[in-house]
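Here is what each chain is made of, one letter per residue.
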Amino acid sequence: MSKTLFAILIIILAGYHIPSNAQYQEKNDLQTIISEFGNKIKKDVEDDNVKGSISAVIVKGDQIIWSGAYGLSDIDNKTKADSTTIYRTGSISKSFTAFLMMQLVEEGTIKLNDPIEKYLPEIKELKGYSNATKITFQQLASNTSGLIKEPELKDAASGPIEDWESKILQSIPKTSFISKPGQEFSYSNIGFGILGFALSRAANKSFIELVKERIFKPLNMTNSFFVVPENRMVDLAKGMKYESIGEINTKSELEHMGRGYKVPNGGIYSTPNDLAKFIASTMGYKAILRQESLATMQSKQTPDGKYGLGFFLYQDSTISTVGHPGAVAGYNCSLLFEKKSQYGVILMRNYNRGLTNLSLQSKILLRKLKSL
C-alpha cells in the first residue's frame, strides 16, 4: 500500500465512529421497549373488541422515532387507522389555549395577573361575583379560578361552532364559585371557555383564527382543525361511545356539527403526528414561545402542585412529566412528555374507554425510555 493511500485510510478511520457494544445494546433495548409497547396497544385494541382504533407516536425531542396505528378508524366502512387519521383532542385543547395566552403575554397585549373583567366585563354576571372574587388570566389557565366545572345551562355544550361565544355569554350567569379564586385547584371547563373568549377580546380577533395563525401555521400543523374540511372527513375517525356493556353508540359524530361553548377547552381535531410538533415546541424546539414562558407554563401554579398553565404536572422518583389527557364523546387521548429525557408519547383512540389506560401506559413507557 502506498504512503498516500495509507494516510487517506487513517484519516477515514479517524473520522469514522464505530458504535460501542453499549451503544448497540441501547439501540436494541430501545427497539425492544417500543416493540413491546406497540404489541400491547395492538392486543388491547383487539381484546377490547370494539372495532375501533388507537394511533400512537413516540418522540425524542423534535423527532418522531416511532409511530403505529391499530384497528379501524371507521367501523361502518371498515377503514383502517393510519398516521393520517384525525381524532378529537378533547381537553388537550386547553394546552393550546394556555399557549396562546402566553404569546399574548410576551407581546404585552395582556398580563397574567390582569383581571378578566378588564376585557370581558360580562364576567361580573357570574353567580357570587364581587371585588373579592375577581379572576385573573393566570387563575383561569391554572384551574384555580374557583369556578364550577360546567355551567348550569341546558345544552351549553351543543350548538353551532359559530355561536360558541354566545354560549359563553349565556353560561356566565349560570356559573358559580366552589372556592375563592387562587385558593385551590378546581378543574373547570367553563373557566377555559371564558379564558379563550377573553383572549379573543384582548387581541381583538377570533380565538379560532388566533390559534390557527399563531400555533397551527408556524408549527406546520396542517392536519389540525376546529372544523374538519369536507375533503378531510374521510380521514376523521368515527367516535364510538359505550352506552353499556356490549352496547356501542356510534352517533358521536353529531358533535362535529357544534360543541356549544366548548371550543377553547375541547374544540381541536388533530393527528398524533401533528401533536408531536406541538410537543416539540413545548419542549423548546422550533419555539414559538420563549424559554422563560415555557418554564412558567410547566411550573407548579396550584397549591397541590399538580397543574401548571394548561398542563398537568407529574413527578415521582423516576420521571417528571408535562402533558394533558383529553376525553369527549367517542374519543380519548393523551399527550405526555418527560422533561429531562425529552421523550414524549401521544395516544389517540376513537372510543371512550378500553383496556389501555392511556395516561398510565404513557408513564410506564416514559420510565422505560428514560432508563436508557
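What comes next is a walk through the structure. (Residues numbered from 1 in each chain as written. Predicted model: local features only at pLDDT ≥ 70, side-chain atom pairs only at ≥ 80, totals over all residues. Heavy atoms only, no water.)

## A short note on the pattern of salt bridges
Two side chains that carry opposite charge are able to pair once their charged atoms sit near each other. On inspection of all chains with the given rule, the structure shows 17 salt bridges. For aspartate 76, the salt bridge identified is with lysine 238, shortest N-O distance 3.6 Å. Taken together, the residues aspartate 76 in the loop between strand E2 (63–74) and strand E3 (79–80) and lysine 238 in the loop between helix H7 (207–216) and strand E5 (241–244) connect sequence positions 162 residues apart. Overall, lysine 238 belongs to the buried group, its relative accessible area being 17%. (Salt bridge = Lys/Arg side-chain N within 4 Å of Asp/Glu carboxyl O. Helix = DSSP H or I, 4+ residues; strand = E, 2+ residues; numbered from the N terminus. Buried < 20%, exposed > 50% of the residue type's maximum accessible area, 1.4 Å probe, protein only.)

## Things to note about unusual backbone geometry
Here aspartate 155, not a glycine, exhibits a phi torsion of approximately 60°, which is positive. Secondary-structure assignment places aspartate 155 in the loop between helix H4 (137–141) and helix H5 (164–171).

## Points about the packing of aromatic side chains
The tally for this structure, following the rule as stated, stands at 14 aromatic pairs. Judged by centre distance (5.7 Å) and plane angle (55°), the ring pair of tyrosine 119 and phenylalanine 137 falls under tilted. Pair noted here: tyrosine 119 is in the loop between helix H3 (93–106) and H4 and phenylalanine 137 is in helix H4, with a separation of 18 residues, a long-range link. In this structure, tyrosine 119 and phenylalanine 137 share a single accessibility class: buried. For the ring pair tryptophan 164 and phenylalanine 207, a centre distance of 5.9 Å and an interplane angle of 65° mean the geometry is edge-to-face. Here tryptophan 164, found in helix H5, pairs with phenylalanine 207, found in helix H7; they are 43 residues apart in sequence, far enough to count as distant. (Phe/Tyr/Trp six-rings, centres within 6.5 Å; stacked < 30°, edge-to-face > 60°.)

## Some remarks on helix H6 (residues 189–203)
If you check H6, its first and last C-alpha atoms are 22 Å apart, about what 15 residues at 1.5 Å a residue would give, namely 21 Å. Along H6, 13 of the 15 residues are buried, which leaves the element largely enclosed by surrounding structure. By the N-cap criterion, in which a side-chain oxygen at the helix start approaches the backbone nitrogen of a residue two or three places on, H6 is capped by serine 188, the distance to glycine 191 being 2.9 Å. At the exit of H6 stands asparagine 204, carrying a positive phi of roughly 55°. (Expected span 1.5 Å × (residues − 1). Polar contact = N/O pair within 3.5 Å; in protein donor to acceptor, adjacent residues only side chain to side chain.)

## Some words on the sheet that holds strand E8 (residues 312–315)
Judged by pairing direction, the sheet is antiparallel, and its seven strands sit side by side in the order E3-E2-E1-E11-E10-E9-E8 without closing on themselves. The outermost strands of the open sheet, each flanked by one partner alone, are E3 and E8. Bridge count for E8 against strand E9 (residues 320–328) is four bridges, and the pairing is antiparallel. Across the sheet, residue phenylalanine 312 finds its bridge partner in E9, namely glycine 323. Relative to the sheet, helix H8 (residues 272–283) contacts strand E1 (53–60), E2, strand E10 (331–338) and strand E11 (343–349), its axis offset from that of E11 by approximately 145°. Running at roughly 25° to E10, helix H10 (residues 358–371) makes contact with E1, E8, E9, E10 and E11 of the sheet. (Pairing = 2+ DSSP bridges. Contact = heavy atoms within 4.5 Å. Axes fitted to C-alpha atoms, helices over the stretch in contact; angles between N-to-C directions.)

## Let's talk about the nonpolar core
Among the nonpolar cores identified, the biggest contains 78 residues, and Met101, Ile194 and Ile215 are the most heavily contacted of them. Ranked by residues supplied to this core, first place goes to H6 with eight residues. Contacts of isoleucine 215, omitting those with residues within four sequence positions, involve Phe96, Phe99, Leu100, Gln103, Leu210, Met221, Phe278 and Ile288. Counting 22 residues, the second-largest nonpolar core is a separate cluster that includes Trp66, Tyr70, Tyr343 and Tyr351. (Core = buried A, V, L, I, M, F, W, Y, C linked by side-chain atoms within 4.5 Å.)

## Examining the environment of alanine 287
Assignment of secondary structure puts alanine 287 in the loop between H8 and helix H9 (291–297). Counting along the chain gives 68 residues from alanine 287 to leucine 219, while the straight-line C-alpha distance between them is 8.9 Å.

## Here's the deal with the pairing of E11
The buried fraction of E11 is high, at seven of seven residues. Of the two faces of E11, the one lined by Tyr343, Val345, Leu347 and Arg349 and the one lined by Gly344, Ile346 and Met348 are each fully buried. Sheet topology note: the E1/E11 ladder contains seven bridges and is antiparallel. Each bridged residue has a counterpart across the sheet, and for lysine 60 the counterpart in E11 is tyrosine 343. In sequence, E10 turns back onto E11 through a hairpin of four residues, with glutamine 342 there showing a positive phi of about 60°.

## With respect to the side chain of asparagine 332
Looking at the secondary structure, you find asparagine 332 in strand E10. Within polar-contact distance, the side chain of asparagine 332 engages the backbone oxygen of glycine 326 at 3.1 Å. In this structure, asparagine 332 is in contact with Gly326, Ala327, Leu347, Met348, Arg349, Tyr351, Asn352 and Leu358, ignoring residues within four places of it in sequence.

## Description of H10
Its 14 residues place the ends of H10 20 Å apart at the C-alpha level, agreeing with the 20 Å of an ideal helix rising 1.5 Å per residue. All buried positions along H10 are accounted for by Leu358, Gln361, Ser362, Leu365, Leu366 and Leu369. All buried residues of H10 fall inside an arc of 135° around its axis, so they share one side. (Arc of directions from axis to C-beta.)

## Regarding the environment of isoleucine 268
Structurally, the position occupied by isoleucine 268 is in the loop between strand E6 (247–249) and strand E7 (269–270). Judged by relative accessible area, which is 1%, isoleucine 268 ranks as buried. Separated by 44 residues in the primary sequence, isoleucine 268 and serine 224 place their C-alpha atoms 7.0 Å from one another. Not counting chain neighbours up to four residues away, the residues in contact with isoleucine 268 comprise Tyr87, Arg88, Thr89, Gly90, Ser93, Phe96, Phe216, Phe225 and Phe226.

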